[in-house]
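Understanding the architecture of this molecule
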Amino acid sequence: YPSVRQMEESSVLRRANCRAKGGAPGFKVAILGAAGGIGQPLAMLMKMNPLVSVLHLYDVVNAPGVTADISHMDTGAVVRGFLGQPQLESALTGMDLVIIPAGVPRKPGMTRDDLFNINAGIVRTLCEGIAKCCPNAIVNLISNPVNSTVPIAAEVFKKAGTYDPKRLLGVTMLDVVRANTFVAEVLGLDPREVDVPVVGGHSGVTILPLLSQVKPPCSFTPEETQYLTNRIQNGGTEVVEAKAGAGSATLSMAYAAVKFADACLRGLRGDAGVVECTFVASQVTELPFFATKVRLGRSGAEEIYQLGPLNEYERVGLEKAKKELAGSIAKGISFIRK
Ligand code: NAI
């Protein structure tokens, strides 16, 4: 049997051949926290993505089991597993895209901010590894509280001298996925036809759906606007409560993470017009980070779109969102600076 190393080398050769023939390149992707509730379905879906040639699965537990399981899928990507801190550098070396769903999830009654103390340290360690081993990789940060973990990652990269704001992207895609679903229900449409921009951040009132900018163009009554905004802002809590102590959203999150990662890879490949919402370093507001639509390209978030016209309800929501976001961002920054 070929060793895992030989398989990986042959995959790299395949990728080179493919490039030489002018075909689509394959990318190297690492998932950190790959054995978790999000990590496992995310690993499975990335193994199915034709843009991925090499998939590295890293966790502090159970990475070999998940890797053996996923590696039997007859799709193109070669899968390698990495267990524990001593293997972090090997997991990261040469990666084009690193997806981070590592950390603890919420239980009923918890806010995302209650996760800060544990997840902040995990994100710091993983980002130190990225700065050392794959400083040019695009980073998709899923670990909560995203409003603070993205500033933490930025500070780690700044300290290491590798910070490129275009490449550090907080994953807010699940809010967009939920918004598309709930709005489609109200409008009686197929969710695939609906596009709802969701801006701000990824927690409570910082999740700001712009219902006045929904495509296809439509209008909502004040009651519908109130209902939809509340449901989109509390979609995560809806799942946490239904799971009753067994964690937070994992399957819809894995779907959303793959949707976003695929957009990043298409951007890296050079596709035109790849536009998604993400929490990113931004000058759209006075805050250093803010989620808006961005255009993804070869160097990450290449263009950050303005908010566009807001109605009165959204302007009030924006002020509330900015107030809470400012605190969460400051908390993340001071975690590293202090
Ligand atoms: P989980 O507990 O099922 O899995 C987390 C995994 O991370 C575990 O396998 C654990 O061993 C691993 N891990 C812990 N410390 C690690 C370290 N130092 N290095 C590498 N891996 C490590 O949790 P789940 O449900 O997968 O959630 C993961 C994170 O994603 C949580 O912080 C959660 O709040 C967040 N999340 C984010 C969402 C978003 O929209 N951005 C939506 C849903 C969850």
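Residues numbered from 1 in each chain as written. Predicted model: local features only at pLDDT ≥ 70, side-chain atom pairs only at ≥ 80, totals over all residues.

Looking at the overall build of the protein
Let me state the cut-off plainly: Put simply, DSSP marks the helices as runs of H or I at least four residues long and the strands as runs of E at least two long, and each gets a number from the N terminus on. Note that the radius of gyration is over C-alpha atoms, with the globule rule given as 2.2 Å times the number of residues to the power 0.38. Think of it this way: build a C-beta for each residue from its backbone, and any pair within 7 Å is a contact.
A tally of regular secondary structure across the protein gives 11 helices and 11 strands. Relative to its length of 338 residues, the protein is compact, with a C-alpha radius of gyration of 19 Å against a globular reference of 20 Å. With respect to the principal axes defined by its C-alpha atoms, the protein has extents near 65 × 45 × 40 Å. Once local pairs closer than 6 in sequence are excluded, the contacts in the protein between residues at least 24 apart make up 69%.

Observations regarding the site of the ligand
Defined as follows: Using the backbone to place each C-beta atom, any residue with that atom within 6 Å of a molecule or strand is considered near it. Note on residue categories: nonpolar means Ala, Val, Leu, Ile, Met, Phe, Trp, Tyr, Cys or Pro, charged means Asp, Glu, Lys or Arg, and polar means any other residue, Gly included.
Around the ligand lies a shell of 33 residues, among which Gly33, Gly36, Gly37, Ala102 and Asn144 are the nearest. Taken together, the residues of the shell around the ligand sort by class into 18 nonpolar, 13 polar and two charged.

Topic: the confidence of the model for the protein
Our working definition: Confidence scores here are pLDDT values: one per residue, from the predictor, ranging 0 to 100.
Considering every residue of the protein, the mean pLDDT works out to 94; 93% of them sit at 70 or more. Confidence, expressed as mean pLDDT per element, reaches its minimum in the protein at helix α1 (residues 4–20) with 60 and its maximum at strand β6 (residues 168–170) with 99. Per the prediction output, this complex has pTM 0.95; the corresponding ipTM is 0.99.

With respect to the nonpolar core
Heads up, the rule is: Note on definitions: a nonpolar core is a set of buried residues drawn from Ala, Val, Leu, Ile, Met, Phe, Trp, Tyr and Cys, linked by C-beta atoms within 7 Å. Burial in this document is a count-based property: other C-beta atoms within 10 Å of a residue's C-beta are tallied, and the residue is buried at 20 or more, exposed at 12 or fewer, or partly exposed in between, with C-beta positions derived from the backbone.
Counting 102 residues, the largest nonpolar core has Ile31, Leu57, Leu97, Val98, Ala153 and Ala257 as its most contacted members. Here this core takes 11 residues from helix α10 (residues 251–269), the largest share from any one element. Setting aside chain neighbours within four positions, we find leucine 97 in contact with Phe27, Val29, Ala137, Ile138, Asn140, Ala261, Cys264 and Leu265.

Side note on unusual backbone geometry
Residue asparagine 144 is joined to proline 145 through a cis peptide bond whose omega torsion reads -5°. Within the element layout of this structure, proline 145 appears in the loop between β5 (138–141) and α6 (146–160). In this model, lysine 215 is joined to proline 216 through a cis peptide bond whose omega is 0°. Mapping proline 216 onto the fold places it in the loop between β8 (207–209) and α8 (222–233). For asparagine 62, which is not glycine, the phi dihedral falls at a positive 60°. Structurally, asparagine 62 is set in the loop between β2 (52–59) and α3 (63–71).

Remarks on helix α9 (residues 235–243)
Our working rule: Throughout, the arc means the angular range of directions from the helix axis out to the C-beta atoms.
For α9, the set of buried residues is Gly235, Gly236, Val239 and Val240. One side of α9 holds all its buried residues, which, seen down the axis, span an arc of 140°. Seen from the buried face of α9, the exposed residues on the opposite side, beyond 90 degrees, are Glu238 and Ala242. Among the structural elements, α7 (173–187) and α8 are those in contact with the buried residues of α9. Downstream of α9 by one or two residues, alanine 244 has phi in the positive range, about 50°.

A closer look at the environment of glutamate 89
Along the chain, the position of glutamate 89 falls in helix α4 (residues 88–92). Glutamate 89 sits in the partly exposed class, given 13 other C-beta atoms within 10 Å. Along the sequence, glutamate 89 and glycine 36 sit 53 residues apart, while their C-alpha atoms lie 20 Å from each other. For glutamate 89, the contacting residues outside a window of four places in its chain are Gly129, Lys132 and Cys133.

Things to note about helix α2 (residues 39–47)
Residues Gly39, Gln40, Leu42, Ala43, Met46 and Lys47 constitute the buried set of α2. Each buried residue of α2 lies within a common arc of 165° when the element is viewed along its axis, so the set occupies one face. Of the surrounding elements, those touching the buried residues of α2 are β1 (27–32), β2, α3, β3 (78–83), β4 (97–100) and α10.

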